Amino acid sequence: MATIREHIRKKPWLGWLLFLATVVVVFILGLLASSIMERRAEAVFAYQPEVKHSQWEPRSEVWGRNFPRQYDRWKATSDTSFRTKYNGNAQIDMLERNPRLVILWADYGFSKEYNQSKGHYYAIHDIRDILRTGAPVDGQSSPMPNTCWTCKSPDVPRVMSKIGAEEFYKGSWEERGHQIVNPIGCADCHEAENMNLHVPRPALVEAFNRNDRDVEEASHQEMRSLVCAQCHSEYYFKGSGNYLVFPWDKGRSVEEVEAYYDERNFSDWTHGISRAPMVKAQHPDYELFMTGIHAERGLACADCHMPYTSEGGQKYTDHKIVSPLNYVEKTCLVCHKESEQELIQNVYSRFDKVKESQYQLEKLLVKAHFEAKKAWELGASEEQMQDALMDIRHAQWRWGYVANSHGAPFHSPIESLHIYNTGINIAHEARMKLSRILAGLGYNKEVKVPDISTKAKAQEVVGLDMDKLNRQKEQFMEKVVPEWEEQAVKREQNYDIEKLEN
Ligand code: HEC
Ligand code: HEC
Ligand code: HEC
Ligand code: HEC
């Protein structure tokens, strides 16, 4: 048999053919290998960090250089165009919409200004702009302490990491204005090193510890709620240092937290009309959510307010935190088969019913405050009034526990109605006691509630000089805020950011 060499000697082109074929095969194999390597490299380097920064880097745009998708959607919380029947992110003047609130909060900051929330992006702008923080210009101080900054910014854990929480809370609100400038962002929920979820604020961690629980040991699914609960919970300012505390030692129900405050004789303020010792429920979103069916079935806040989304084959978490009715297809429809319209209707029908009870309770409370005022005017004694005032305190506490938790009518409709039911009963009790006191003082008629049909009228009734407050605020925004911003820009220039080679 002729060898290959003999064949080639006879037909030299055959040699060339073999040579070329080998080259082509080797080339194709090479391409294949390189493509496999590239794919693997893609899988490993889908995450291409561009910069290295510290845990306490407060600027979300710096973190965003490593995670542009999450950053873009985080930034989308600046959108204020979405409105639903009761919520959404449009700026709505809640006192204008419901002037009874001015009466319920007489002599308390909230009667000056209270707006529907616009979104995390505005947290710093809104706390500076709101009349409640006053106008600390020319050596004047704010009516609020530094504690008020706590839930607004990743600059808070940054400063706390240097001086400790106790020191942070002390002093008047304007003292830390130059330090707290970036709105709620990445560092509030993530560890820089590995992007794990974390809770950098102490109040939640301490409340867990007092109940023999450890946030460090929470499951991943629990963390998807606890990052929110560090801010979206009931709290109060304890003692002269205004230390921020979650009042959960007896439990988190409306009754248990009420008992906690009563035991300590704690009140936020004395009511300007009835003189009742009041507690304002802040925003027990987490507490009430946990009593609802979705929590019982194991859902976390992020399941509805931060849904998974997909782009170019990449799955990631939508960081536009807003009313879930903004993206029903990505949230509710992942689990429910009903139509979008039907699910929205489910939300609204629960809200309609719960709001109905809210308004009933408000009307009773407004009357009770003015009846108490009348009783004082006619010479009632402290002792005579004590029981009725405690009833007013408890009824309004229950009102606020649901009313200030803006998702509660959906998160937990049954618990919400239970709370309003008991609140309505207690308000009736208060009014009965007051009418007996009034009768004893010789007054048998109905006590007239003044005209509070608009915000302006209601604010006049509680004795607020709105023109003056607005004028002073304007001055503060023009004079003081730009100085704070300027100091922040200078400081932030010195933060360590290491550019990485890729
Ligand atoms: C209010 C809390 C919160 C804030 C603020 C926040 N995140 Fe997240 N982030 C989450 C939650 C919750 C998840 C989902 C975690 C999970 O399920 O594993 C997440 C997931 C992520 C992930 C993992 C990949 C993914 O998309 O699921 C990255 C990366 C991330 N966030 C980046 C950022 C960046 C960058 C910022 C700032 C621009 C930011 N986050 C701000 C709560 C937050
Ligand atoms: C650092 C504190 C903080 C954390 C953490 C936080 N929030 Fe908020 N949240 C706020 C504040 C403050 C506002 C009001 C901001 C404003 O409108 O000025 C707000 C507003 C909101 C709103 C209303 C937005 C709108 O469009 O009206 C929703 C919904 C919300 N938060 C849900 C969440 C969820 C869900 C989480 C957890 C994944 C979370 N928040 C984590 C402080 C926080
Ligand atoms: C099963 C879905 C679901 C889960 C889980 C959930 N929410 Fe909600 N949330 C809603 C719906 C629906 C609304 C009402 C939206 C509306 O009326 O536009 C709402 C409203 C809110 C609002 C008011 C929104 C606004 O526009 O002002 C806040 C704040 C809020 N939720 C926070 C939370 C927090 C914090 C958690 C976890 C403790 C949580 N939610 C868990 C569905 C959910
Ligand atoms: C991760 C899955 C999941 C998501 C997301 C989800 N749900 Fe549910 N939902 C459930 C489960 C589980 C139940 C309890 C049903 C049961 O066990 O029979 C439930 C119950 C309900 C109920 C009946 C309970 C009640 O309040 O009377 C309504 C209404 C509802 N969901 C609406 C919604 C809406 C609206 C959204 C979006 C904002 C939503 N759900 C998002 C899983 C989910």
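Being a predicted model, the structure only gives us computed values, none of them experimental.

About the cut-offs
- Residues numbered from 1 in each chain as written.
- Chains lettered and ligands numbered in written order.
- Predicted model: local features only at pLDDT ≥ 70, side-chain atom pairs only at ≥ 80, totals over all residues.
- Helix = DSSP H or I, 4+ residues; strand = E, 2+ residues; numbered from the N terminus.
- Expected span 1.5 Å × (residues − 1).
- Bend = angle between axes of the 7 residues up to and from the residue.
- Buried ≥ 20, exposed ≤ 12 C-beta atoms within 10 Å, placed from the backbone.
- Near = placed C-beta within 6 Å.
- Nonpolar A, V, L, I, M, F, W, Y, C, P; charged D, E, K, R; others polar.
- Axes fitted to C-alpha atoms, helices over the stretch in contact; angles between N-to-C directions.
- Parallel < 35°, antiparallel > 145°, perpendicular 65-115°, else oblique.
- Left-handed = near helix turned anticlockwise from the far one by under 90°.
- Contact = placed C-beta atoms within 7 Å.

S.K.: Looking at this model, I keep getting lost on helix α23 (residues 466-492). Mind explaining?
M.R.: In an α-helix, one full turn covers 3.6 residues, which means residues spaced three or four apart are oriented alike. With 27 residues, α23 should reach 39 Å at 1.5 Å per residue; the first-to-last C-alpha distance of 37 Å fits that figure. Taken as a whole, α23 carries its principal kink of about 30 degrees at Met477.

S.K.: How do you make sense of the environment of Glu342 when you look at a structure like this?
M.R.: Among the secondary structure elements, Glu342 is positioned in helix α18 (residues 340-377). Since 11 C-beta atoms lie within 10 Å of it, Glu342 is described here as exposed.

S.K.: I would appreciate a short explanation of unusual backbone geometry in the present structure.
M.R.: Both trends apply: most residues other than glycine have a negative phi, and most peptide bonds are in trans. Of note, Asp107 is a non-glycine position whose phi angle comes to about 70 degrees, a positive value. Relative to the helices and strands, Asp107 resides in the loop between α6 (100-104) and α7 (123-129). Looking at Asp107, the number of C-beta atoms within 10 Å reads 15, which means it is partly exposed. A positive phi angle, close to 65 degrees, is found at Arg275, a residue other than glycine. Position of Arg275 among the secondary structure elements: in the loop between β4 (269-270) and β5 (277-278). The partly exposed category is assigned to Arg275, around which 18 C-beta atoms lie within 10 Å.

S.K.: What's the story with the site of ligand 2 in this structure? I'm lost.
M.R.: The local shell around ligand 2 holds 24 residues, among which Asn89, Ser117, Asp126, Cys228 and Cys231 are the closest. Here the element with the most residues in the shell around ligand 2 is helix α16 (residues 301-305); it accounts for three residues. Considered class by class, the residues forming the shell around ligand 2 number 13 nonpolar, seven polar and four charged.

S.K.: Hey, could you run me through the packing of α18 against helix α19 (residues 382-403) in this one?
M.R.: A packed helix pair is summarised by two numbers, namely the angle formed by the two axes and the spacing between the axes. One way to put it is that α18 packs onto α19 with a least axis distance of 10 Å and a crossing angle of 155 degrees. Between α18 and α19, the interaxial angle falls into the category roughly antiparallel. For the pair α18 and α19, the sense of crossing is left-handed. Side by side, α18 and α19 meet where Val354, Gln358, Leu361, Glu362, Leu365, Ala368, His369, Ala372 and Ala375 of the first sit next to Met385, Ala388, Leu389, Ile392, Ala395, Gln396, Trp399, Val402 and Ala403 of the second. Taken together, the residues of the contact of α18 with α19 break down into 14 nonpolar, three polar and one charged.

S.K.: Mind showing me how you'd approach the packing of α18 against helix α21 (residues 413-440) here?
M.R.: Two numbers describe how α18 lies on α21: the axes approach to 9 Å, and their chain directions differ by 20 degrees. Regarding the angle of α18 to α21, the classification is roughly parallel. Two packed elements cross with a definite hand, and for α18 against α21 that hand is left-handed. Taken together, the residues that form the contact of α18 with α21 break down as 16 nonpolar, six polar and five charged.

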